[in-house]
Amino acid sequence: MEPTTFILFGATGDLAKRKIYPALYNLFIDQKLPESFSLIGLGRREWSDETFQANVEQSLHEFSRREAADSIKIKQFVQAFRFSMLDIGRKEDYEKLLQLVEKREQELGIPQNRLFYLSVGPEFFEPIAANIQASGLGSTQGWKRLVIEKPFGHDLQSARELQENLSKSFMEDEVYRIDHYLGKPMVQGLETLRATNPVLQALLKNRYISNVQITANETVGVEERAGYYDHVGALRDMFQNHMLQLLMMTAIQLPHDSTIDQMREKKKQVVKALEPIRKQDVSLNIIRGQYQEGSIKGLPPAAGYTSEPGIAPDSMNETFIAAKLQIEDYFWKGVPFYIRTGKRMKEKSTRIVIEFKDPLTQLGAASKDSSLQPNLLVIEMSPDESITLQLNMNDPQHKGEIKPANIELHSSRADLPEAYENLIYDAINGDATYFAHWDEVELSWQWVQPILEAFEENLVPLYPYAAGSYGPAEADELLAKDGHHWLFDSKDEQNKESKQDSTAYSLVTP
Ligand SMILES: NC(=O)C1=CN([C@@H]2O[C@H](COP(=O)(O)OP(=O)(O)OC[C@H]3O[C@@H](n4cnc5c(N)ncnc54)[C@H](OP(=O)(O)O)[C@@H]3O)[C@@H](O)[C@H]2O)C=CC1
Ligand SMILES: O=C1O[C@H](COP(=O)(O)O)[C@@H](O)[C@H](O)[C@H]1O
């Protein structure tokens, strides 16, 4: 791996301590960091290197997936860390930073490979990129990369403006837009699952598939992020980025071992093929909701959204969204994709469910056997990671009866890398496969824009739902009018019964 200087804006912030330091530490333990690695943390606080290192160490104790008990390893890890005070708007701070970066490069005898990680609010992306360029930090003799956190823009126009400004300082292949869902191991495995298994590849098309459901439900509420979330809502926070990326990763068709360019082109084609939604039709296909007081898993009632600290009492911001989308291409035409995401839901669950058609009904069998459950392929990403195939089998104890059987594959490794580990590793190695390309981001905003406008103009009702539920009843009706229902929820009685009755074959992969 190439020697790297990791320059972290926002080194004193929440994301750095909860995600970035633990990810770097786990890469270090797994020997997946370059041998010559130097990190320079930036913020306005007057921290010495020692205070910075102590804060990093503390964050490992609090947030690392691995117990950070080996004090020798931790000391080795943090000795690469230095701190420099920097106010984003002060040009002279960048000159001081350049001197420190060059000093460290000389001390370590390493080339000028610089990775700038912007773990700061989006209003700072442009001034930082411009100052990197103006100060000479960006004129390296090695490579330079810019890793930026979400959100990338607030709507289509602001995203375009941001892109235009960033492109004055960084080329597109130097920009790594983080979408942490693309770092999740199950998401990264989707393409391989399909491309290397002809049995799945053959079936993943409209001829055999009834519908696809993508869910990212959370039990947490707005937490301490009211200032951010109340201006953003579920549509911008989750749907425009994470959920549409999951849709692209589910729908792309690629040969095994395809290149990054092929993958990006195919992802782009998927969003391009999404049937556009007109502002006046938004309420037909999109349900928005806001959580009210309610109890999750028998705990004391959680406050309603508008009673949360920092939220406007009359806020019309959505904390839930459910949508029906159609991909107008050769493979998926006619297959509805249902997407939903919400806060304060009954359970934490991120999953993709693919429901297969019932060939018996299709072939016009005299009467459909109502005990038959649909075949399902379920990809669970959170809280556990697994792949389940639901099939129908003869119940050996009651001859002639047909029962669903779930074949569940899960990894025996309890310590799978976290999304940030995968993504930071890739950024250091210059592999942008699992980062969002500008074309995808722009097309996603383009598709979402009429929905943003319809919400702003109040053309879509804001349905209340109780905390601890599965969202407003209208989200169920969205599917019911097509003859479907949300699958694999624990309230999914049909599925619950079938699970109770079903034979489970649990396979653990090495
Ligand atoms: N926290 C999370 O879970 C997630 C965050 N994100 C994104 O990550 C980014 C960072 O979020 P988060 O860590 O939560 O934010 P915080 O508010 O916790 O941290 C902000 C950081 O920015 C620095 N900062 C603010 N103003 C200035 C300035 N004028 N000059 C120099 N540094 C400044 C602060 O340093 P100091 O105060 O020392 O100046 C601090 O380190 C945001 O874009 C957010 O949307 C994305 C996904 C999840
Ligand atoms: O990006 C975000 O994601 C989290 C949910 O991430 P997950 O990996 O726990 O599913 C969400 O809570 C947050 O609001 C959003 O900004």
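Residues numbered from 1 in each chain as written. Chains lettered and ligands numbered in written order. Predicted model: local features only at pLDDT ≥ 70, side-chain atom pairs only at ≥ 80, totals over all residues. Heavy atoms only, no water.

**Overview of the overall build of the chain**
The condition that has to hold: Numbering of helices and strands runs from the N terminus, with a helix taken as a DSSP run of H or I at least four residues long and a strand as a DSSP run of E at least two residues long. Atoms considered for the radius of gyration are the C-alpha atoms alone. The globule rule reads 2.2 Å times the number of residues to the power 0.38. The rule is simple: take the accessible area with a 1.4 Å probe, protein chains only, and divide by the maximum for that residue type; under 20% is buried, over 50% is exposed, in between is partly exposed. Asp and Glu count as negative and Lys and Arg as positive, but His and the ends of the chain are not part of the count. Here the site of a charge means NZ on Lys, CZ on Arg, CG on Asp, or CD on Glu.
Looking only at helices and strands, the chain features 17 helices and 16 strands. The C-alpha radius of gyration computed for the chain amounts to 24 Å, which stays within 12% of the reference 24 Å derived for 510 residues, consistent with globular compactness. Taken over the C-alpha atoms alone, the chain extends approximately 80 × 50 × 50 Å along its principal axes. Burial status across the chain gives 53% buried among its 510 residues. Across the chain, the centroid of the 55 positively charged side chains sits 2 Å from that of the 75 negatively charged ones.

**Digging into the nonpolar core**
Filter applied, for reference: Buried Ala, Val, Leu, Ile, Met, Phe, Trp, Tyr and Cys residues that are joined via side-chain atoms within 4.5 Å together make up what is termed a nonpolar core. Throughout, a contact is declared for two residues whenever any of their heavy atoms are within 4.5 Å.
Judged by nonpolar contacts, the single largest core of 140 residues is most densely connected at F6, F9, Y117, F239, L325, F337 and I424. For this core, the element with the highest residue contribution is helix α10 (residues 233-251), accounting for 11 residues. With near-sequence residues (within four places) excluded, L325 lies in contact with F239, L244, L247, L274, V335, P336, F337, I339 and W447.

**Section: the UniProt feature "binding site: NADP(+)" (unreviewed entry) in the chain**
This is how it is decided: UniProt positions are given in the numbering used here, feature names are shortened, and annotations may be inferred rather than shown by experiment. Cavities and pockets are defined on a 1 Å grid built over the protein atoms alone: a cavity is a set of grid points where a 1.4 Å probe fits but cannot escape, while a pocket is an open set with protein on both sides within 12 Å along at least five of seven lines, and lining residues are those with an atom within 4 Å of any such point.
Mapped onto the present numbering, the UniProt feature "binding site: NADP(+)" (unreviewed entry) falls at G10, A11, T12, G13, D14, L15, A16, K17, R44, D87, I88 and K150. Lining the largest cavity, from the residues named above, are K150. Relative to the helices and strands, D14 is located in helix α1 (residues 14-29). Following the sequence through the fold, I88 ends up in the loop between β3 (81-85) and α4 (91-108). Contact partners of I88, with chain neighbours within four places excluded, come to Y94, V120, F124, P127, I128 and N131.

**Describing the site of ligand 2**
Put simply, the test is: Near residues are defined by distance, with any heavy atom within 4 Å of the molecule or strand qualifying the residue. Any pair of nitrogen or oxygen atoms within 3.5 Å is treated as a polar contact; in protein, a donor-acceptor pairing is required on top of that, and neighbouring residues in sequence qualify only through side-chain atoms on both sides. Three residue categories are used. Nonpolar comprises Ala, Val, Leu, Ile, Met, Phe, Trp, Tyr, Cys and Pro, charged comprises Asp, Glu, Lys and Arg, and polar comprises the others, including Gly.
Neighbouring residues of ligand 2: K150, H180, Y181, K184, E218, R225, D237, M238, H242, K343 and K348. Interatomic distance of 2.5 Å between a side-chain N/O atom of Y181 and an oxygen atom of ligand 2. A distance of 3.0 Å is found between an oxygen atom of ligand 2 and a side-chain nitrogen or oxygen belonging to R225. Here the residues of the shell around ligand 2 sort into two nonpolar, two polar and seven charged.

**Thoughts on the site of ligand 1**
Close contacts around ligand 1 come from 21 residues, with T12, L15, R44, R45 and V120 the closest. At 3.3 Å, a backbone N or O of G10 approaches an oxygen atom of ligand 1. I88 places a main-chain nitrogen or oxygen 3.0 Å from a nitrogen atom of ligand 1. The class makeup of the residues in the shell around ligand 1 is eight nonpolar, six polar and seven charged.

**A few points about the packing of aromatic side chains**
This is how the line gets drawn: The pairing test for Phe, Tyr and Trp rings, Trp by its six-membered ring, is centres within 6.5 Å, and the orientation test on the planes gives stacked under 30 degrees, edge-to-face over 60, and tilted for anything in between. Over a ring means this: the NZ of a Lys or the CZ of an Arg is within 6 Å of the ring centre and within 35 degrees of the ring normal.
For the structure on display, the rule yields 22 aromatic pairs. Centroid distance F116 to F170: 6.3 Å. Interplanar angle 70 degrees. Geometry classified as edge-to-face. Taken as a pair, F116 in strand β4 (residues 114-118) and F170 in the loop between α6 (156-166) and β6 (175-177) lie far apart in primary sequence, 54 residues in all. Pair check on accessibility: F116 and F170 agree, each one buried. Residues Y291 and Y305 carry aromatic rings whose centres are separated by 5.6 Å and whose planes lie at 80 degrees to one another, so their mutual orientation is edge-to-face. Here Y305 lies in the loop between β8 (286-292) and β9 (320-326) and Y291 lies in strand β8, a separation of 14 residues in the sequence. Relative accessible area serves as the criterion here: at 0%, Y305 is assigned to the buried category. One aromatic cluster in this structure is built from Y21, Y25, F28, W47, F52, F77, F81 and F83. K144 extends its terminal NZ or CZ atom over the ring of F170, reaching a point 5.2 Å from the ring centre. The ring centre of F455 lies 4.6 Å from the NZ or CZ of R288, which sits over that ring.

**Quick notes on unusual backbone geometry**
Between K150 and the following residue, P151, the backbone shows a cis peptide bond with an omega angle of 0 degrees. Relative to the elements of secondary structure, P151 occurs in the loop between β5 (144-148) and α6. Here S382 and P383 are connected by a cis peptide whose omega angle stands at 5 degrees. Relative to the elements of secondary structure, P383 occurs in the loop between β12 (376-382) and β13 (386-394). For R344, which is not glycine, the phi dihedral falls at a positive 55 degrees. Mapped onto the fold, R344 is located in the loop between β10 (336-342) and β11 (349-356). Assessed through its relative accessible area of 19%, R344 is described here as buried.

**With respect to empty space enclosed by the protein**
Worth spelling out the cut-off: Grid points are joined across faces, edges and corners, and a volume is the space filled by probe spheres set on the points.
The full count for this structure, using the stated rule, is two cavities of 30 Å³ or more. Taken as a whole, the largest cavity holds about 170 Å³ of empty space. F152, D179, N241, A436 and V441 are, among the 14 residues lining the largest cavity, the residues nearest its centre. Counting residues per element, the ones that place at least two in the lining of the largest cavity are α10 and α15 (438-456). Among the residues making up the lining of the largest cavity, the classes are represented as five nonpolar, four polar and five charged. Space inside the second largest cavity adds up to approximately 80 Å³. Elements that contribute at least two residues to the lining of the second largest cavity include exactly α7 (185-195), α10, β11 and β12. Here the lining of the second largest cavity takes three residues from α7, the largest share from any one element. Classifying every residue of the lining of the second largest cavity by side-chain character gives nine nonpolar, one polar and one charged.

**Focus on the packing of α7 against α10**
Here is the rule we go by: In this description, a line fitted to the C-alpha atoms serves as the axis of each element, helices being fitted only across the stretch in contact, and the angle between N-to-C directions of two axes falls anywhere from 0 to 180 degrees. Reported orientations rely on four angle classes, namely roughly parallel under 35 degrees, roughly antiparallel over 145, roughly perpendicular from 65 to 115, and oblique for the rest. With the far helix as reference, a near helix turned anticlockwise by less than a right angle produces a left-handed crossing, and one turned clockwise produces a right-handed crossing.
Put simply, α7 and α10 touch, their axes get as near as 9 Å, and they point 15 degrees apart. By the angle between their directions, the pair α7 and α10 is classed as roughly parallel. Relative to α10, α7 is oriented so that their crossing is right-handed. Taking contact as the criterion, the partners of V187, L190 and R194 in α7 are, on α10, L246, M249, T250 and A251.

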